[in-house]
Amino acid sequence: MIRKLVAGLIAGVYVSALAALPANAQPAPPACPVWSPNLVTQSFPVGGPTVTTWHVCWHEVAGNDSLANPNGLVIGPVDFQTSPGAPWRRVIYDMRISDFFVPYHQGFPRFYDLSGFNFKLTTVTAADCPAAVGGTLLSTTVCKEVHDRGLLWKDYSGVKRGQELVLWGCLYAGNYRYVERFVFRDDGAIIGMEGATGQNYPPYPHEPHTHDALWRIDIDNGTPVNDTALLQHIEDQTNPAGTATDPMTMIMKAQGLAWNAQTHDMISVTDPFTTNKQGHHPSYHFIPLVDGGGMTRHYEDFSHFDFWITPYNPNQMAARYVASQYVPNAPPVGPHRDVVVWLKGSLHHHPRDEDGITINGSWKGTALVMYTGFMMMPDAVFDCSPFYGPCS
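Just so you know, these numbers come straight off a predicted model, no measurement behind them.

### Quick word on the state of the cysteines
Between two cysteines, a covalent bond joining their sulfur atoms is known as a disulfide.
Okay, so step 1: Here the structure, examined in full by the defined rule, presents two disulfides.
Okay, so step 2: Between the sulfur of Cys 32 and that of Cys 57 lies a disulfide, 2.1 Å long from S to S. Across the disulfide from Cys 32 to Cys 57, rotation about the S-S bond amounts to roughly -95°, and the bridge is consequently left-handed. Of this pair, Cys 32 sits in the loop between α1 (11-19) and β1 (38-44) while Cys 57 sits in strand β2 (residues 52-61); the two residues are 25 residues apart in sequence, bridging distant segments of the chain.
Okay, so step 3: We classify Cys 32 as partly exposed; its relative accessible area is 22%.
Okay, so step 4: The closest cysteine sulfur to the non-disulfide-bonded Cys 170 is located on Cys 143, 11 Å from its own sulfur.

Below, the structure is given as structure tokens:
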């Protein structure tokens, strides 16, 4: 992997480079690197006039060492433009699912569907990616969709619908298929999703199990050098005043963190070098989307936490080693450090008749897709919401 910009890039160099642009200059969109050459540029709203634009580089890995370079759809670098003529903001350097862990409740088997088998993306066709829903085949394994995403806002003055760009591929994992789905919304949010579908494991078709997606997100919010914090909502249920606090705790050393639904835990990654017109530093908040029903824990140490924060290291790509090899000795991750966020999503598969049944000794049926994932929500990336009205 090509090494990215030195993590010690100082704020003055970055800020002065932006200030040097003439007032009427149109910043050139960044080029995709040779190792991730495929480009999707998508402006919103579709049909114009343009408000925001995504510049998404992507590539497929289909190798034989998913510990060193996990197979599948890899997103990045990714840049975002908040308005025509605005500077491009780097958001992602490399984002992918590092592994799929599938432990069965009887104690075995315990599959690592990437690092253990090196499964690869399967073929997608027009049936997977129909033009009728905004689909376009980008390759034999990757689909692009651009479509309506529902309400963006609604109030006394009116209503507006939103749009999104989706890039997805599907991992061929023996009897199973994993949908790797990455969503880029018009409002600057990013969503990563894992979908699990396919035939139940033939030797144990009725044995409950989980499908854990383990994402590795190398975020570069503005520059590679960011500050990372845990943002929570704390409320004492015995306090009749009903007051609450929202503390932000800086994360200074590599560690794992448990997600608590009651405290709305978020990992916040902030650009410490720039501010918007309100004087606020742009951040992205990592929020689990637990459509699968929860966050499971297993015997394996990497599963004991839902978030892990580590310093950037291009040789550290395997989620199964994050606890045993990447976090020990607590290397620094703040302040002003290049960090990687690791995030777990869990799907609990309790087999049901809708998955399939045995007919004349043969299994007939397919487990319907279930999703889990996360959102990267922008905060102060804009001066205000450009989809509502001018910021003045």
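### A word on the pattern of salt bridges
Okay, so step 1: The final tally for this structure, using the stated rule, is 13 salt bridges.
Okay, so step 2: Between Glu 300 and Arg 110 there is a salt bridge; the shortest N-O distance is 2.7 Å. You can see Glu 300 sitting in the loop between β19 (293-294) and β20 (307-311) and its partner Arg 110 sitting in strand β5 (residues 110-112), a full 190 residues away along the chain.
Okay, so step 3: Residue classification places Arg 110 among the partly exposed positions, given a relative accessible area of 30%.
Okay, so step 4: Between Glu 354 and Arg 352 there is a salt bridge; the shortest N-O distance is 3.8 Å.

### Quick word on the packing of aromatic side chains
Okay, so step 1: Counting across every chain of the model gives 22 aromatic pairs.
Okay, so step 2: Between Phe 101 and Phe 302, the ring centres sit 5.3 Å apart and the planes meet at 80°, which makes this aromatic pair edge-to-face. With Phe 101 in strand β4 (residues 89-103) and Phe 302 in the loop between β19 and β20, the pair connects residues that are 201 residues apart, well separated along the chain. Of the two residues, Phe 101 and Phe 302, both sit in the buried class.
Okay, so step 3: Taken together, a centroid distance of 5.7 Å and an interplanar angle of 65° make the contact between Phe 111 and Phe 117 edge-to-face.
Okay, so step 4: Under the relative-accessibility criterion, Phe 111 is labelled buried at 18%.
Okay, so step 5: Through successive ring pairs, a cluster of aromatic residues spans Tyr 104, Phe 108, Phe 111, Phe 117, Phe 119, Tyr 201 and Tyr 204.
Okay, so step 6: The side chain of Arg 320 reaches across the aromatic face of Tyr 112, ending 3.7 Å from its centre.

### A word on the confidence of the model for the chain
Fine structural detail should not be taken from predicted coordinates in areas where pLDDT scores are low.
Okay, so step 1: The pLDDT averaged across the chain works out to 92; a share of 93% of its residues lies at or above 70.
Okay, so step 2: In the model, residues 6-21 has pLDDT below 50 throughout and makes 15 contacts with residues more than four positions away in sequence or in other chains.

About the cut-offs
- Residues numbered from 1 in each chain as written.
- Predicted model: local features only at pLDDT ≥ 70, side-chain atom pairs only at ≥ 80, totals over all residues.
- Heavy atoms only, no water.
- Disulfide = S-S within 2.5 Å.
- Helix = DSSP H or I, 4+ residues; strand = E, 2+ residues; numbered from the N terminus.
- Buried < 20%, exposed > 50% of the residue type's maximum accessible area, 1.4 Å probe, protein only.
- Salt bridge = Lys/Arg side-chain N within 4 Å of Asp/Glu carboxyl O.
- Phe/Tyr/Trp six-rings, centres within 6.5 Å; stacked < 30°, edge-to-face > 60°.
- Lys NZ or Arg CZ within 6 Å of the ring centre and 35° of its normal.
- pLDDT = per-residue confidence, 0-100.
- Contact = heavy atoms within 4.5 Å.

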